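Structural features, examined
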Amino acid sequence: MNVAATERHIIRACRCRREPWVEHLELAHGAYRFELSCWWREAGWTKTVTVVETSVLVRGFVDQALAAAQSDAVVLVPRAGPDA
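Residues numbered from 1 in each chain as written. Predicted model: local features only at pLDDT ≥ 70, side-chain atom pairs only at ≥ 80, totals over all residues. Heavy atoms only, no water.

What follows covers the nonpolar core. Core analysis: the largest hydrophobic core is formed by seven residues, namely Val3, Cys16, Phe34, Leu36, Cys38, Trp45 and Val49. If you tally residues by element for this core, the top one is strand E4 (residues 31-38), at three residues. Leaving out residues up to four positions away in the same chain, Phe34 has contacts with Val3, Val22, His24, Leu25, Trp45, Thr46, Lys47 and Val49. (Core = buried A, V, L, I, M, F, W, Y, C linked by side-chain atoms within 4.5 Å. Buried < 20%, exposed > 50% of the residue type's maximum accessible area, 1.4 Å probe, protein only. Helix = DSSP H or I, 4+ residues; strand = E, 2+ residues; numbered from the N terminus. Contact = heavy atoms within 4.5 Å.)

Let us look at the pattern of salt bridges. Enumeration according to the criterion identifies three salt bridges in this entry. Its salt-bridge partner being Glu26, residue Arg33 comes within 3.8 Å of it at the nearest N-O pair. Among the residues examined, Arg33 registers a relative accessible area of 35% and is labelled partly exposed. By sharing partners, the salt bridges in this structure join Glu26, Arg33 and Glu35 into a single network. (Salt bridge = Lys/Arg side-chain N within 4 Å of Asp/Glu carboxyl O.)

Spatially, E3-E4-E5 is the arrangement adopted by the three strands of the open sheet, whose pairing is antiparallel. Two strands lie at the open edges of the sheet, namely strand E3 (21-28) and strand E5 (43-50), each paired on one side alone. Neighbouring strand axes in the sheet, compared pairwise and without regard to direction, differ in orientation by 20 degrees on average. In the sheet, E3 pairs with E4 via seven bridges, with the strands oriented antiparallel. In the sheet register, Trp21 faces E4, and the bridge partner there is Ser37. (Pairing = 2+ DSSP bridges. Axes fitted to C-alpha atoms, helices over the stretch in contact; angles between N-to-C directions.)

What follows deals with the confidence of the model for the protein chain. Chain-level pLDDT for the protein chain is 78 on average; 80% of the residues reach the 70-or-more range. Within the protein chain, no element has a lower average pLDDT than strand E1 (residues 10-11), which sits at 70, and none a higher one than E4, at 87. (pLDDT = per-residue confidence, 0-100.)

And the structure:
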């Protein structure tokens, strides 16, 4: 999902705004290789993401999910008694 959301091909020195289609995934030699295509411009290319890059992306996703879950959590605060 991250590759589809961030990867774009270049058209006349500009990045295409269309999200590419991820057609194939292959794990080889410690890297994930994706085959991408843009149906709008009939372009095709490959993107290689190392296992280390993948773990950084997964860690960021998990940290975001945990932070969002914590912001929705109800925190009980002790009430001040009559002597306070």
